[in-house]
Amino acid sequence: MSNKKASIEFDGKSLELDTIVGTENEIGIDITSLRAKTGMITLDPGYGNTGSCTSDITFIDGEKGILRHRGYAIEDLAANSTFVETAFLVLYGHLPSEIELATFEEELSEHSSLHYGLKHHFDGFPENAPPMAVLSAMLNTLACYNTELLTTATEGPGFTVPTMKILSKVRAISAWAYRSSVGKPFMPPRPDLSYTGNFLHMMFSDTFKPYEVLPEVERAMDLFFVLHADHEQNCSTSTVRLVGSSRASLFTSVAAGVGALWGPLHGGANAEVIKMLTNIHENGIDPKEYVEQAKDKNSNVKLMGFGHRVYKSFDPRAKILKEQVDIVLKAMNIEDPLLDIAKELEEMARSDSYFVERNLYPNVDFYSGILLRAIGIPVDMFTVLFAIGRMPGWIANWREMHVQNMRINRPRQVYTGASLRPYTPMGER
Ligand code: SDX
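Everything numeric here is computed off the predicted structure, so don't read it as measured data. (Residues numbered from 1 in each chain as written. Predicted model: local features only at pLDDT ≥ 70, side-chain atom pairs only at ≥ 80, totals over all residues. Heavy atoms only, no water.)

Draft legend 1. Layout of the overall build of the protein chain. For the protein chain, the helix and strand inventory stands at 18 helices and 6 strands. Computed over C-alpha atoms, the radius of gyration of the protein chain comes to 23 Å, within 12% of the 22 Å expected from 2.2 N^0.38 for 429 residues, which places it in the range of a compact globule. By residue count, 47% of the 429 residues in the protein chain fall in the buried class. In the protein chain, once contacts between residues fewer than 6 apart in sequence are set aside, the share between residues at least 24 apart is 70%. Each charge class in the protein chain can be summarised by its mean position, and for the 41 positive and 53 negative side chains these summaries are 7 Å apart. (Helix = DSSP H or I, 4+ residues; strand = E, 2+ residues; numbered from the N terminus. Rg over C-alpha atoms; globule rule 2.2 N^0.38 Å. Buried < 20%, exposed > 50% of the residue type's maximum accessible area, 1.4 Å probe, protein only. Contact = heavy atoms within 4.5 Å. Lys, Arg positive; Asp, Glu negative; His and termini not counted. Charge placed at Lys NZ, Arg CZ, Asp CG, Glu CD.)

See the structure below:
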């Protein structure tokens, strides 16, 4: 708490409220006593002005385009770290020592396979089952195979075992969701491959033709996961916290996070960007015309991959992904017309007053889809990969909430419905 006070004046009365100042001098007004002292609540649909918690995990400064995990800048992590190391950092708050990293990698490898019983669940899904629905269902199904782990432990094996199971198995579940949709058998993980190399192997290897991954592709895929590792109290992370606050298990809480991430305004946007670019390309739409449509409220068209609730300048992740797209396309000797369209849209929007006045810049999803498409990931798997990347962040937030012994999350409302009225029998309606 800080020694500065805020006060609310209402109806001739005044209430003094404590404030809290964060590490980077963000200020929060503590309204935990508001309703008890005044009978009033605040109203903030979409929670744009409401802090749900204090957190040590991630800091974002939307005005300056800053993103840090446990104090480390995303640019630093992108240049020097790996997804496994960043996951450890996000989970445990410090960069791992050599021993800690080796142990972490060993545990991920130990938990990389799937129980044979899960096969029946995959066999039961229709071929056109949306991979995000399969992922959410199978994360919950892991709870059925780990009933002794349905706890809210934040230390020791009660936390580390479910955490490693989820972090590791999310790859195999995701890869199997894809392979079963194209009629291919499950490809078991290989202990000799890196976390990300194993994922690409499980996605694309065939029994007699192992997937040969280009170093640039593996690095870009790993970097994609690093860039998605956590992002403060976004929609899906808040969902994981809300579900976890009822003391539901980690499996169930992250499965709920997958559901929230699926929406096209959130993690589903990377797939929507590709659909938008493909529509423009295949139908010969003039990008300028499309930008005009996106500005028209009545068009129901948005420039997908643009805008952000927090970033009011460039999303630092978008910059890094844009660089990776150029590297991977060059390494794979691919020319993708969608990239040219994306760059044209960005250039137009960046100089258009509609976007500039509303601080709408490319976000993490604007270029990520082009990268995934170049690697050969099908569009309906894009958000699944976002979920793989975000898993450490969801788990770290779930754990932090329990360490803080957070009360069950239960927002209030302002009721605007009918006032009291007597029941009317059928004949009198
Ligand atoms: C992610 O929160 C996170 O951290 C999320 C994320 C993470 O890592 O977890 O960063 C990942 O979800 C990135 C966002 C991916 N979504 C998209 O790219 C979808 C397109 N973007 C928009 O839907 C929108 O920008 C949101 C959802 C991202 C943000 O919505 P807000 O904060 O509620 O903003 P808003 O809708 O109120 O927009 C403010 C204005 C409106 O115009 P006015 O009413 O002021 O005239 O900007 C306009 C909007 O119409 N606007 C857009 C636009 N985004 C906002 N207009 C055209 N195209 C867009 N993309």
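Draft legend 2. Quick peek at unusual backbone geometry. For Asn-25, which is not glycine, the phi torsion reads 65° and is therefore positive. Note that Asn-25 resides in the loop between β2 (13-21) and β3 (27-29). Phi angles above zero are rare outside glycine, and Tyr-47 is one such case at about 55°. When you line up the elements, Tyr-47 lands in the loop between α1 (34-38) and β4 (58-61). For Tyr-47, a relative accessible area of 53% translates into the label exposed.

Draft legend 3. Local environment of helix α14 (residues 316-331). Over its 16 residues, α14 extends 23 Å from the first C-alpha to the last, a length consistent with the 22 Å expected when each residue adds 1.5 Å. Those residues of α14 that sit buried are Pro-316, Arg-317, Ala-318, Ile-320, Leu-321, Gln-324, Val-325, Val-328 and Leu-329. Along its buried surface, α14 packs onto β5 (66-69), α2 (74-80), α9 (215-227), α15 (337-350), α17 (364-375) and α18 (382-403). Phi turns positive, to about 55°, at Asn-333, one or two residues after α14. (Expected span 1.5 Å × (residues − 1).)

Draft legend 4. Inspection of the site of the ligand at higher detail. Taken together, 23 residues form the shell around the ligand, and within it His-231, His-308, Arg-309, Arg-317 and Arg-390 come nearest. Measuring from an oxygen atom of the ligand, one finds a side-chain N or O atom of His-231 at 2.6 Å. Residue Leu-303 places a main-chain N or O atom 2.9 Å away from a nitrogen atom belonging to the ligand. About the coverage of the ligand: the protein hides 76% of its 1,000 Å² of free accessible area. Residues that form the shell around the ligand fall into these classes: 9 nonpolar, 7 polar and 7 charged. Taken domain by domain, the makeup of the shell around the ligand includes at least three residues from each of domain 2 (81-215 + 232-261 + 382-403) and domain 3 (269-375). (Near = heavy atom within 4 Å. Polar contact = N/O pair within 3.5 Å; in protein donor to acceptor, adjacent residues only side chain to side chain. Areas by Shrake-Rupley, 256 points an atom, 1.4 Å probe, with all protein chains shown as cover. Nonpolar A, V, L, I, M, F, W, Y, C, P; charged D, E, K, R; others polar. Domains from an automatic or database assignment.)

Draft legend 5. Just the packing of α15 against α17, in detail. Between α15 and α17, whose axes approach to 10 Å, the crossing angle comes to 170°. Classed by the angle they form, the pair α15 and α17 counts as roughly antiparallel. Mapping the contact onto sequence places Leu-338, Leu-339, Ala-342, Lys-343, Leu-345 and Glu-346 in α15 and Phe-366, Tyr-367, Ile-370 and Arg-373 in α17. Of the residues belonging to the contact of α15 with α17, the class tally is 7 nonpolar, no polar and 3 charged. (Axes fitted to C-alpha atoms, helices over the stretch in contact; angles between N-to-C directions. Parallel < 35°, antiparallel > 145°, perpendicular 65-115°, else oblique.)

Draft legend 6. Representation of the packing of aromatic side chains in the model. A full pass over the atoms with the stated rule returns 17 aromatic pairs. Measuring from ring centre to ring centre gives 5.3 Å for Phe-83 and Tyr-195, while their planes differ by 55°; the resulting arrangement is tilted. Taken together, the positions of Phe-83 in helix α3 (residues 83-92) and Tyr-195 in helix α8 (residues 195-204) put the pair 112 residues apart, joining distant regions of the chain. On the accessibility criterion, Phe-83 (1% relative accessible area) is buried. An angle of 85° between the planes, with centres 4.9 Å apart, marks the rings of Phe-366 and Tyr-367 as edge-to-face. You'll find Phe-366 and Tyr-367 in the same group, each marked buried. Taken together through their ring pairs, the aromatic side chains of Phe-83, Tyr-195, Phe-199, Phe-224 and Phe-225 make up a single cluster. Over the ring of Tyr-195 we find Arg-171; its NZ or CZ atom is 4.0 Å from the centre of that ring. Between the NZ or CZ atom of Arg-399 and the centre of the ring of Phe-159, over which it lies, the distance is 4.9 Å. (Phe/Tyr/Trp six-rings, centres within 6.5 Å; stacked < 30°, edge-to-face > 60°. Lys NZ or Arg CZ within 6 Å of the ring centre and 35° of its normal.)

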